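Listed below, chain by chain, are the residues.
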Number of protein chains: 2
Amino acid sequence: MYRTHTCGELRISHVGQKVTLSGWVQTIRNLGGMTFIALRDRYGITQLVFDENTPKNILPMLEGLGREYVVKIAGTVIERSSKNPKMSTGDIEISVSELDVLNKSEIPPFTIEDDTDGGDELRMKYRYLDLRRNPVRKNLELRHIMGQEIRKFLDGEKFIEIETPYLVNSTPEGARDFLVPSRMNPGEFYALPQSPQTLKQLLMVSGFDRYFQIVKCFRDEDLRADRQPEFTQIDCEMSFVDQDDILSIFERLAKHLFYNIKGITYNEAFPRITYEDAMKYYGSDKPDLRFGMRFYELTEKVKGKGFVVFDSVDYIGGFCAKGCSEYSRKQLDELTLFVQRPQVGAKGMVYVKYNTDGTFKSSVDKFYSPEDLKTWAEYMGAQPGDLLLILAGKESSTLSALNILRLEMGDQLGLRDKDKFAPCWVVDFPLLEWDEDEKRFFAKHHPFTSPKTEDIQYFESDPGRMHANAYDFVVNGVEIGGGSIRIFNSELQQKMFSALGISKEEAEVKFGFLLNAFRFGAPPHGGIAFGFDRFCSVLGGSESIRDFIAFPKNNSGRDVMLDTPSKIDKKQLDELYLNVLPIQKK
Amino acid sequence: MYRTHTCGELRISHVGQKVTLSGWVQTIRNLGGMTFIALRDRYGITQLVFDENTPKNILPMLEGLGREYVVKIAGTVIERSSKNPKMSTGDIEISVSELDVLNKSEIPPFTIEDDTDGGDELRMKYRYLDLRRNPVRKNLELRHIMGQEIRKFLDGEKFIEIETPYLVNSTPEGARDFLVPSRMNPGEFYALPQSPQTLKQLLMVSGFDRYFQIVKCFRDEDLRADRQPEFTQIDCEMSFVDQDDILSIFERLAKHLFYNIKGITYNEAFPRITYEDAMKYYGSDKPDLRFGMRFYELTEKVKGKGFVVFDSVDYIGGFCAKGCSEYSRKQLDELTLFVQRPQVGAKGMVYVKYNTDGTFKSSVDKFYSPEDLKTWAEYMGAQPGDLLLILAGKESSTLSALNILRLEMGDQLGLRDKDKFAPCWVVDFPLLEWDEDEKRFFAKHHPFTSPKTEDIQYFESDPGRMHANAYDFVVNGVEIGGGSIRIFNSELQQKMFSALGISKEEAEVKFGFLLNAFRFGAPPHGGIAFGFDRFCSVLGGSESIRDFIAFPKNNSGRDVMLDTPSKIDKKQLDELYLNVLPIQKK
């Protein structure tokens, strides 16, 4: 038997008991007559003591021990003379009577401690060692608990978890598919699913009413920071529901998680904000509502006073940064440089200080009187001591720059506390989005999203005007999930495909099975999918989903630990009737 | 709102209530003055009644309705005059006051009933309609409950569910991998995992102690009946355990499932049978223990009496079929033909009838006296009224033929009741298996399985003699799962690779990450994996795993509903630097 207890379990009440423990050597402290070893496992650390009471055969073995050795010990629990209140086992230690070295360890390439000396790349290569560290292990424990709680909640709501296949058909909309050549059907390919979207809709046609799945999805995209080629989705679909039914049930799921994971209770409903308002007031369809600073449009209020910059643009707007009237010249210059960076793209920034004495100081003093500035300040909800920050330019790019500036100010003012959570729903998304490059409409959500009933009349005359029964769930400025009520009738689905420039033939080839299914009594249905990695990272207070994935890939889609992808035997390619073409260096 | 209740919910206590229901039209019975519609959803069927009380505008709408139409109705719950005790809602019906047709349906290609008229292929093509049928839906509901119960149990035992990646490296042992070309790393490939074996071992190196995952696995094999290219595994691994710890915890999991799914309590421990005994007594490493009929070897007892067949072979054995002494000539001839089929491969069959009057009748009367036959009968545990069936030949093929004959007799005697369950553990498997074609050893379980400590001495001298710390979980003759204690030290793992003819270099390339990991303090560990599809099908009383998979593939690895795999655009291939070679027809 390897252990009677774990290394996180023993307390003062165990004093006097004979116990057996197994674990890793965290540290060895040799104080001459006494040696202390901190023995670690998943559950905690227990201190082992070796002194004059230790059997004589054991002491020489200590010489050979090193960090990360795996040992099994037997001994007696004794009370510590100097207790460590920071450790759950800090009241006791083990007087060791038997020691077995179960396995040796080379010196790890980085220290196995909360703050390690290992760089990102090294830790990824030795991910199995990085996973020994408390903060990383705790992330995966959080993920496990999230998974359990989600399943418990949805099972309680009569959702059925149904596994959909991973070897599916390639679909044209959306991102690129990962392909899987079929050996039994040479020259033919499966695709890995970007999401089980169409399959879950088929399950609704089958009458499964309430479906969910925590499922891997795959997208072959050029990876931006914090994207993974494979990621996990909490995928849900319901029949005989409208948008309110879905928001209500998944708001309860979110509250269940906030309560069970973070101990936070929300008594109020989550705010619902339309896409239009989100863009207008926050310049983003995923507003961070942990703090205010909503935008005020000034376009009509500030023109015609001779300030050419304002007079020549189609949008002027800004927000009020509370208590920032004392910002120095240097701070304001830095903010100006910040918004002028190519990633933000503003031409410049106008500020108005509403000083605590009631006076105004602004970068546009020359053009606007204190009375003008006071009007702005009052309109924008400012009080003495506040600072107005104003940008001008093309509407969409200025809103987007204001969004980045707002988040920066939120950071500077410490308003983006990772232990505070501000969930909201963004609703009433546009159905279609015009792509200027391809000169055609794309589905804002996806091609199966239902337009709002009152907008269906514009399908031919003014498709860009239509709104969708689509919604996103946003927490702290991060899009955690989204969904929609679906089209459930073949004719409307055909209309949608035409609006997207997908021909009847193409639709038949790619989605024939779904259109067919709709001919046999499809119920009204809709659903939602949450990014599980993202949900975990937000609740875990981290900006990176990688921290919540056991074996993530890097930005080139490589697993540096497994060293994959990799070359394969010609024999394997031959069996697939495939040939790798000469690779041109990019 | 689409419904206030489901179609399985209303009882006599609801009489008088106004309700709204939505669902599918199961049947329409027009009896002249009255029309009855059976309205179906996932939860049941409710009878709707249309008669002289129905608003006049509704009656004409009934003409247009057909089977599988989706409708929403409002009405009042009334007590039925003729109740149907077979239906949970059989006490009531709905007097309908509002009717909305939510969607039409074409006539389905087969009837949506428990016993359908649809053939296998048609039902696979329209799987979304097949899933509407009760028996199929119940299978997926069983699967959902199994999943929930497994997670609940393992979570309670402090197992952590950790998702391992699907885009991994190709490994040489085992079946063929499905490959996934990498666009970002042209000319390189990922593989889909045949199982998370090495990754879960890395998690043990990481200290995760108790891991599980319900996870898809992929094998590109030529599909035999009831194999799927993608299947689901309940994958588990534990550290600081020996074989008994693992068997004990997963026996409790199995008992938890038998109890919670089937209501069956097992007070005794499951039988443990060695591989050697299983082969000797049942001719199979997955014995069906729902019934006895163990084999008795007769080789030494029956030779030298002039019966050439027996005298010339190295193995003679048989079993006693209780109460079958009255088998007719015809039945015995049929059994002989049965064992002579190429799939069974016996030369012939010897029978001995131990008649109820104590006399004997046998196909080898000429060579053996009644006293001889009586000795056999007593040795084989027969009593008057029983029948002995005996085969002879090469040991391994005869045992295998006896196994098939035994199962056939079990079927004939009704001893293989699908509602009865006989679980057992098969233990002490051989470590290696000699492959006569390739003239080398293969791992019986897999290359990471630990030999029994006392057998390690034979690694060089007599590798075939070694036993493994490996075990299978078998129910009703079906292998549900298997596992082993793993090698956790690099040197022993290297020895194993040499025994398998895997060179140091090859091992380094393919398993370098694992061997590396073992150098940094790997704990003793072991695990098990259950076939989830199989476990569901056995508990569901079915022989086919396909019945328990929402969207299965056929024997050519095709999903006939999605019509995949399929040809893809040249553009997609170009991006992957791939070319499909001309396909030779096989």
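Residues numbered from 1 in each chain as written. Chains lettered and ligands numbered in written order. Predicted model: local features only at pLDDT ≥ 70, side-chain atom pairs only at ≥ 80, totals over all residues. Heavy atoms only, no water.

## Concerning the sheet that holds strand β1 (residues 18-30) of chain B
Strand-to-strand pairing in sheets goes through backbone hydrogen bonds, with the strands running parallel or antiparallel.
Residue and element names in this part refer to chain B.
And then number 1: Strand order around the closed barrel formed by 5 strands is β1-β2-β3-β5-β4, with mixed pairing between neighbours. Strand-to-strand, the axes of this sheet are offset by a mean angle of 55°, without reference to chain direction.
And then number 2: Sheet analysis places β1 next to strand β2 (residues 35-41), joined by 6 bridges and oriented antiparallel. Of the residues in β2, the one forming a bridge with Trp24 is Arg40. (Pairing = 2+ DSSP bridges. Helix = DSSP H or I, 4+ residues; strand = E, 2+ residues; numbered from the N terminus. Axes fitted to C-alpha atoms, helices over the stretch in contact; angles between N-to-C directions.)

## Examining a negative patch on the surface
And then number 1: Taken together, the side chains of A:Glu297, A:Glu300, A:Asp314 and A:Glu395 define an acidic patch exposed on the protein surface.
And then number 2: With respect to the secondary-structure elements, A:Glu297 resides in strand β12 (residues 296-297). (Patch = residues over 30% accessible without salt bridge, like charges linked within 9 Å, V, L, I, M, F, W, Y side chains within 5 Å. Areas by Shrake-Rupley, 256 points an atom, 1.4 Å probe, with all protein chains shown as cover. Salt bridge = Lys/Arg side-chain N within 4 Å of Asp/Glu carboxyl O. Lys, Arg positive; Asp, Glu negative; His and termini not counted. Charge placed at Lys NZ, Arg CZ, Asp CG, Glu CD.)

## Considerations on helix α10 (residues 329-340) of chain A
Residue and element names in this part refer to chain A.
And then number 1: Relative to the 16 Å expected for 12 residues at 1.5 Å per residue, α10 spans 16 Å between its end C-alpha atoms, a close match to the ideal helical length.
And then number 2: Three or more residues of α10 are buried, namely Leu332, Leu335, Thr336, Phe338 and Val339. What you see down the axis of α10 is that its buried residues fit within an arc of 160°, all on one side. Opposite the packed face of α10, turned more than 90 degrees from it, sit the exposed residues Arg329, Lys330 and Leu337.
And then number 3: Looking at the buried positions of α10, the neighbouring elements they touch are β14 (350-354), β16 (386-393) and α12 (395-412). (Expected span 1.5 Å × (residues − 1). Buried < 20%, exposed > 50% of the residue type's maximum accessible area, 1.4 Å probe, protein only. Arc of directions from axis to C-beta. Contact = heavy atoms within 4.5 Å.)

## Concerning the domain arrangement of chain A
And then number 1: Each assigned domain of chain A is listed with its residue range as follows: domain 1 (12-103), domain 2 (135-265 + 529-573) and domain 3 (291-412).
And then number 2: Placing a centre on the C-alpha atoms of domain 1 of chain A and another on those of domain 2 of chain A gives a separation of 43 Å. (Domains from an automatic or database assignment.)

## Considering unusual backbone geometry
And then number 1: Looking along the chain, the bond that leaves A:Thr564 and enters A:Pro565 is cis, with omega of 5°.
And then number 2: The residue A:Pro565 is located in the loop between α15 (532-539) and α16 (570-575) in this model.
And then number 3: The phi angle at B:Asn476 is positive, at roughly 55°, despite the residue not being glycine.
And then number 4: Following the sequence through the fold, B:Asn476 ends up in the loop between β20 (470-475) and β21 (478-485).
And then number 5: Phi is positive for B:Asp563, close to 55°, though the residue is something other than glycine.
And then number 6: Relative to the elements of secondary structure, B:Asp563 occurs in the loop between α15 (532-539) and α16 (570-575).

## Focus on the relation of the copies chain A and chain B
And then number 1: Superposition of chain A onto chain B requires a rotation of 180° combined with a translation of 0.0 Å along the rotation axis, giving an RMSD of 0.1 Å. Considering both components of the superposition, the chain copies are consistent with a two-fold axis.
And then number 2: A share of 100% of interface residues in chain A that are also interface residues in chain B marks the association as one of identical surfaces. (Least-squares fit on C-alpha atoms with pLDDT ≥ 70 in both.)

## Remarks on the environment of B:Gly358
Residue and element names in this part refer to chain B.
And then number 1: Here Gly358 shows up in the loop between β14 (350-354) and β15 (360-362).
And then number 2: We classify Gly358 as partly exposed; its relative accessible area is 35%.
And then number 3: When the C-alpha positions of Gly358 and Cys536 are compared, they lie 46 Å apart, and in sequence the two are 178 residues distant.

## Focus on the sheet that holds strand β9 (residues 210-218) of chain A
Residues and elements named next belong to chain A.
And then number 1: In space, the 8 strands of this open sheet follow the order β6-β9-β10-β22-β21-β20-β17-β11, with mixed pairing throughout. Two strands lie at the open edges of the sheet, namely β6 (160-161) and β11 (272-274), each paired on one side alone.
And then number 2: When β11 meets strand β17 (residues 423-427), the two strands line up parallel, connected through 3 bridges. Along β17, the bridge assignment pairs Ile273 with Val426.
And then number 3: With respect to the sheet, helix α7 (residues 275-282) is in contact with β11 and β17, its orientation differing from that of β11 by roughly 85°.

## Observations regarding empty space enclosed by the protein
And then number 1: Counted under the stated rule, the structure contains 8 cavities of 30 Å³ or more.
And then number 2: Looking at the largest cavity, its volume works out to about 400 Å³.
And then number 3: Counting only elements with at least two residues in the lining of the largest cavity, the list comes to α4 (134-156) and β9 of chain A together with α4 (134-156) and β9 (210-218) of chain B.
And then number 4: When the residues that make up the lining of the largest cavity are grouped by side-chain class, the tally is 8 nonpolar, 7 polar and 10 charged. (1 Å grid on protein atoms, 1.4 Å probe; cavity = no way out; pocket = protein on both sides within 12 Å on 5 of 7 lines; lining within 4 Å. Points joined across faces, edges and corners; volume = space filled by probe spheres on them. Nonpolar A, V, L, I, M, F, W, Y, C, P; charged D, E, K, R; others polar.)

## Observations concerning the packing of α4(B) against helix α6 (residues 243-262) of chain B
Residue and element names in this part refer to chain B.
And then number 1: For the pair α4 and α6, the least separation of the axes is 10 Å and the interaxial angle reads 140°. Of the possible angle classes, the one that applies to α4 and α6 is oblique. Along this stretch, α4 crosses α6, giving a crossing that reads as right-handed. Seen from α4, the contacting residues are Leu142, Ile145, Met146, Glu149, Ile150, Phe153 and Leu154; seen from α6, they are Ile249, Phe250, Arg252, Leu253, His256, Leu257, Asn260 and Ile261.
And then number 2: When its residues are assigned to classes, the contact of α4 with α6 shows 11 nonpolar, 2 polar and 2 charged. (Parallel < 35°, antiparallel > 145°, perpendicular 65-115°, else oblique. Left-handed = near helix turned anticlockwise from the far one by under 90°.)

## Considerations on the interface of chain A and chain B
And then number 1: Contacts between the two partners involve 122 residues from chain A, matched on the other side by 122 residues from chain B.
And then number 2: With both chains or domains summed, chain A and chain B bury close to 11,300 Å², and 59% of this area falls on carbon and sulfur atoms.
And then number 3: In terms of surface lost to chain B, no three residues of chain A exceed A:Phe240, A:Phe520 and A:Tyr577, which account for 7% of the buried area on that side.
And then number 4: Here chain A and chain B share 18 salt bridges between them.
And then number 5: A:Asp209 is paired through a salt bridge with B:Arg3; the nearest N and O atoms lie 3.0 Å apart. (Buried area = accessible area lost by both parts, 1.4 Å probe.)

## Considerations on the pattern of salt bridges
And then number 1: By the definition in use, this model includes 96 salt bridges over all chains.
And then number 2: A:Arg227 is the salt-bridge partner of A:Glu221, the closest N and O atoms lying 2.9 Å from each other.
And then number 3: Residue A:Glu221 is classed as partly exposed on the basis of its relative accessible area of 25%.
And then number 4: Using a relative accessible area of 32% as the deciding quantity, one classes A:Arg227 as partly exposed.
And then number 5: For B:Arg127, the salt bridge goes to B:Asp130, with nearest N and O atoms at 3.3 Å.

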